[in-house]
Amino acid sequence: MRKTIRTSGILAAALAGMAALIVCACSKADVQMPSMPQASKEIAFSAGASVTKGAPPLTTLERLAAQHFSVSAWYTPEGETFGAGSISYIRNHRFGCTDIPTYTSWKGITAGGESDPVYYPLDGSLTFFCYAPYRADVGSSSDVYLDFAPESSITDQLTGYMEGSPLLCFTPSPSPSSQIDFIAATPVPDAVRGGGAVALDFTNHLTTDIQFWCKYAGSLDPSEGVSISRIVIRDVISSEYLYFTEDAGTLGFFWCSTVSPVDGSSTMPIASYTLTGGTSDLITEDAYLSDSTPKHINNTINGRLYLLPQTLPSGACLDITYVIKNISSGMTLDENTVSIPLLGTAAWPIGKTVKYTITVGVAERKDVLLSVSVKPWVDSGNTHTEEELMY
């Protein structure tokens, strides 16, 4: 257990005054503690291999350098450790690589990559909380929302919550093409000036990678082919708190699917996510299904789904629309939509791939079978270019 911060009356008054000034300035995304003497030592990080949206292995630091990451820090007086009494020092500052292509130095930068340094205080320590990819806007309208001073009515409901830490709220974009593989680094507590570059661990996927693999069963005329034209995942949890945790000295993070970021109730917000061939979410080249080997039909740059880990709600379902066409003319001969309840199917674990294998029974037309498996999230084997994977 971390030691509670104790301050003298003079220091407590000074810190309270500085905190009040910070609150007054909270409309700025990046807030620095006023009246805090700073050293000439610039805050710098070393980033381990990053794993982010898609693959080829975004285990390359080049990808992290391209997208930048966010740093927020809290100040703790000398001789104490981070806790509820620590004071916000920097908020949502953009950091990126300053020594491409060696990728050993990560410092404060602007959106254009110019130096925008942040310095350590003269004394005390800083505790760092970081996420990627960077968002300049972390207000309630953004897919990433940062609550720098969460209410106890919320944090009291979060098992293992790291006292004094911020809350992140993540809401995947309704448009699959705009979704990101949101990641956060393990918190770094009580870093001091002179300790060298601070090591960050960005190696954990935090969302769930949803994949659809399809084939057909039964007999088709040789002139016919069947393909999937639309998939809708309906009424799944659409926004969750990600909070930082501390358990017996071990730091980490956890999603909360029982406290709504909207109103603090237990009723979670839900949304639906649609993939269609018309918007290039689903494969269009060689789109006809095989009767033997399932095809990964949303293996496109727009179609990969990165959704929130969760046990699927009672109303969640999967709508599958498939068409049977004349291969030569492209004329649609039949079209059917089948809805499959997802309640009771495998939960979506953090950092895993959930693979839905769909078998369309063409003889019965509306006969569709679904099987679900949970796999490791593999960052290899994708043929998309580095430019295509940028977002």
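Anything mentioned here points back to the structure above.
Read on for a plain summary of the structure. (Residues numbered from 1 in each chain as written. Predicted model: local features only at pLDDT ≥ 70, side-chain atom pairs only at ≥ 80, totals over all residues. Heavy atoms only, no water.)

## Section: the pairing of strand β9 (residues 167–170)
Sheet faces and side chains relate simply in a regular strand, where the side chains alternate between the two faces. Across the two faces of β9 the burial is the same, with L167 and C169 and L168 and F170 all buried. As paired strands, strand β8 (residues 144–147) and β9 are joined by four bridges and run antiparallel to one another. Looking at β9, one finds that L146 is bridged to L168. Here four bridges tie β9 to strand β15 (residues 240–247), and the two strands are oriented antiparallel to one another. Bridge assignment links L168 to a residue of β15, and that residue is L242. (Buried < 20%, exposed > 50% of the residue type's maximum accessible area, 1.4 Å probe, protein only. Helix = DSSP H or I, 4+ residues; strand = E, 2+ residues; numbered from the N terminus. Pairing = 2+ DSSP bridges.)

## A word on the pattern of salt bridges
Per the stated rule, a full pass over the model turns up five salt bridges. One salt bridge in this structure joins D143 and R135, with 3.1 Å as the shortest N-O distance. (Salt bridge = Lys/Arg side-chain N within 4 Å of Asp/Glu carboxyl O.)

## Topic: the environment of L242
Within the element layout of this structure, L242 appears in strand β15. In this structure, the C-alpha to C-alpha distance between L242 and L146, residues 96 residues apart in sequence, is 9.8 Å. Leaving out residues up to four positions away in the same chain, L242 has contacts with L167, L168, F182, A184, L206, F253, F254 and W255. (Contact = heavy atoms within 4.5 Å.)

## Comments concerning the pairing of β15
Counting buried residues along β15, six of its eight residues qualify, which places the element largely inside the surrounding structure. One ladder, built from seven bridges, connects β15 with strand β16 (residues 250–256); its direction is antiparallel. Across the sheet, residue F244 finds its bridge partner in β16, namely F253. Between the end of β15 and the start of β16, which pair antiparallel, lie two residues, with A248 showing a positive phi angle near 55°.

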